[in-house]
Amino acid sequence: MGIIQSPFFDPQHSRNLAFQLLISIRDMLYIALRKPFPPSYEQSFNLLKHISPQLYAEARYFIKSRNESDIIGYFREEANLQSAVRKKVVTAEDLIKKEIKRLQRLRHKSNIPDDEIKHILQRVAWLNSGLENLESVGNIPRDVTLPLLLEQYKNSFLFESCFDENFRDFLIANKRVIRVRLLTPELNLINKGVELVYEKYDEARNRSKLFVFSYISWSGGSFSDEDHNDMYKRLTLTKELICNRNICRAENRGYRFPCCSSFLRITDQLPNKDSKLVSSSLLIPNCGIMEMFGQNNNINRKRIKITSIKLKMFSEMYYLGLIGSEYIEENLVERFYRSFFGVRKPQSIILFVREKKIISNS
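Residues numbered from 1 in each chain as written. Predicted model: local features only at pLDDT ≥ 70, side-chain atom pairs only at ≥ 80, totals over all residues. Heavy atoms only, no water.

**Things to note about the overall build of the chain**
Okay, step 1: Within the chain one finds 11 helices and 9 strands.
Okay, step 2: The buried share of the chain, taken over its 362 residues, is 52%.
Okay, step 3: Of all intrachain contacts in the chain linking residues separated by at least 6 positions in sequence, the fraction that spans at least 24 positions is 70%.
Okay, step 4: Counting every atom, the chain has about 18000 Å² of accessible surface; 52% of that belongs to carbon and sulfur. (Helix = DSSP H or I, 4+ residues; strand = E, 2+ residues; numbered from the N terminus. Buried < 20%, exposed > 50% of the residue type's maximum accessible area, 1.4 Å probe, protein only. Contact = heavy atoms within 4.5 Å. Areas by Shrake-Rupley, 256 points an atom, 1.4 Å probe, with all protein chains shown as cover.)

**A word on the pattern of salt bridges**
Okay, step 1: Within this structure, the stated rule accounts for 18 salt bridges.
Okay, step 2: With a closest N to O distance of 2.6 Å, Glu 199 and Arg 354 form a salt bridge. Of this pair, Glu 199 sits in strand 3 (residues 194–202) while Arg 354 sits in strand 9 (residues 349–357), and the two are 155 residues apart along the sequence.
Okay, step 3: The exposure class of Arg 354 is buried, given its relative accessible area of 1%. (Salt bridge = Lys/Arg side-chain N within 4 Å of Asp/Glu carboxyl O.)

**Here's the deal with helix 10 (residues 311–319)**
Okay, step 1: When we look at burial in helix 10, the residues that qualify are Leu 311, Phe 314, Ser 315, Met 317 and Tyr 318.
Okay, step 2: Looking one or two residues past helix 10, Gly 321 carries a phi angle of roughly 75 degrees, positive in sign.

**As for the side chain of Ser 275**
Okay, step 1: By the element assignment, Ser 275 lies in the loop between strand 5 (262–268) and strand 6 (282–285).
Okay, step 2: When its relative accessible area of 11% is taken as the criterion, Ser 275 is described as buried.
Okay, step 3: Separated by 3.0 Å, the side chain of Ser 275 and the backbone oxygen of Asn 272 make a polar contact. (Polar contact = N/O pair within 3.5 Å; in protein donor to acceptor, adjacent residues only side chain to side chain.)

**Things to note about the packing of aromatic side chains**
Each aromatic ring pair is specified by the distance between its two centres and by the angle formed by the two planes.
Okay, step 1: This model, assessed by the stated rule, comprises 26 aromatic pairs.
Okay, step 2: An angle of 35 degrees between the planes, with centres 4.5 Å apart, marks the rings of Phe 211 and Phe 213 as tilted. Across this residue pair, the class does not change: Phe 211 and Phe 213 are buried.
Okay, step 3: Between Phe 336 and Phe 340 the ring centres are 5.4 Å apart and the planes differ by 40 degrees, which places this aromatic pair in the tilted class. Separated by 4 residues within a single helix, Phe 336 and Phe 340 lie in helix 11 (residues 330–342), roughly one turn from each other.
Okay, step 4: For Phe 340, a relative accessible area of 10% corresponds to the buried category.
Okay, step 5: Clustering of aromatic rings is evident, with ring pairs tying together Tyr 198, Phe 211, Phe 213, Tyr 215, Phe 263, Phe 314, Tyr 318 and Tyr 319.
Okay, step 6: When the ring centre of Phe 45 is taken as origin, the NZ or CZ atom of Arg 60, which lies over that ring, is 3.9 Å away.
Okay, step 7: For the cation-ring pair, Lys 209 lies above Tyr 327, with the distance from its terminal atom to the ring centre recorded as 5.6 Å. (Phe/Tyr/Trp six-rings, centres within 6.5 Å; stacked < 30°, edge-to-face > 60°. Lys NZ or Arg CZ within 6 Å of the ring centre and 35° of its normal.)

**A look at the packing of helix 1 (residues 11–33) against helix 3 (residues 53–62)**
Okay, step 1: In contact at an axis separation of 9 Å, helix 1 and helix 3 are set at 125 degrees when each is read in the N-to-C sense. On the basis of the axis angle, helix 1 is oblique to helix 3. Viewed along their axes, helix 1 and helix 3 form a crossing whose handedness is left-handed. Taken together, the residues of helix 3 that come into contact with helix 1 (itself represented by Pro 11, Ser 14, Arg 15, Ala 18 and Leu 21) are Leu 55, Ala 59 and Phe 62.
Okay, step 2: Residue composition of the contact of helix 1 with helix 3, by class: 6 nonpolar, 1 polar and 1 charged. (Axes fitted to C-alpha atoms, helices over the stretch in contact; angles between N-to-C directions. Parallel < 35°, antiparallel > 145°, perpendicular 65-115°, else oblique. Left-handed = near helix turned anticlockwise from the far one by under 90°. Nonpolar A, V, L, I, M, F, W, Y, C, P; charged D, E, K, R; others polar.)

**Description of the packing of helix 1 against helix 10**
Okay, step 1: Between helix 1 and helix 10, whose axes approach to 9 Å, the crossing angle comes to 40 degrees. With respect to their mutual orientation, helix 1 and helix 10 come out oblique. Like other packed secondary-structure pairs, helix 1 and helix 10 cross with a definite hand, here right-handed. In contact with Asp 27, Tyr 30, Ile 31 and Ala 32 of helix 1, helix 10 contributes Leu 311, Lys 312, Phe 314, Ser 315, Tyr 318 and Tyr 319.
Okay, step 2: Residue composition of the contact of helix 1 with helix 10, by class: 7 nonpolar, 1 polar and 2 charged.

As structure tokens, then:
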């Protein structure tokens, strides 16, 4: 018996949990790496294997599909055509690298400013993303180190005494480190879903900003009555721990969106283990969903459209300081962690991520 592969769950619920966990890893990487496009599902699976071999094996049991982007599909087909015509093996990797070099050569020879060739730059970014995905079989994203016991960073985060020592540190781009933990319910507890808790720690000012994503699956753009009940209970808890404890407060220092730090993250159900992996990528602030519950319980795609935001936009705004909490002081962060992680045993799988800039005396 496992955390996901459990006799307590029907296969669809287990598959929902597996996909939510995979999406949470992918979301974490997307936000941490600050790239134009998210990593592949396969890279996210590979990182999960380094973080928790057990949960990786359980998730793999329920999800077999390996998605390929349209751009990879195109170059695979062209490679097949060229191989047949030229009577020798031509690979998609060869063609993508050739196309990247061609566009880069044009870019450098033209001396045209980047702001006048945005579509070309986007095309190059897509090509590099496709190339990285092709080369990612068994690999994690190239901007992430393999997990190491990085002794020099062991005591570089505050409040580590609140948590166990079962973590993995990864060095990432721009001289940063992320500390990743997977906290799981006890085996006899019903697992309600997945939460992503993400903290960005500013060591110089000894302050942090954070957010929580609560993952829930829907089918066809709507939720069942049971889903509504579970969603209400989970969001009520995060509202108590975040919205009602001043994590969402604003200090009105210039323009920004509201300081919402608790979001419902919607994922799609996978009908079977070979289904194509597609995620709605919708985020709705906790307060917006709770207001809808106050009106009626029928939460659907049409109702959330005006209050939802795509993950890509969230990621960009988060690092511009326009969404998520503002930087909050040490005592407030500690109270949040002791409440969120210390009061009760988790009833969800919690992906807990702490990010910080590496400074010279770390």
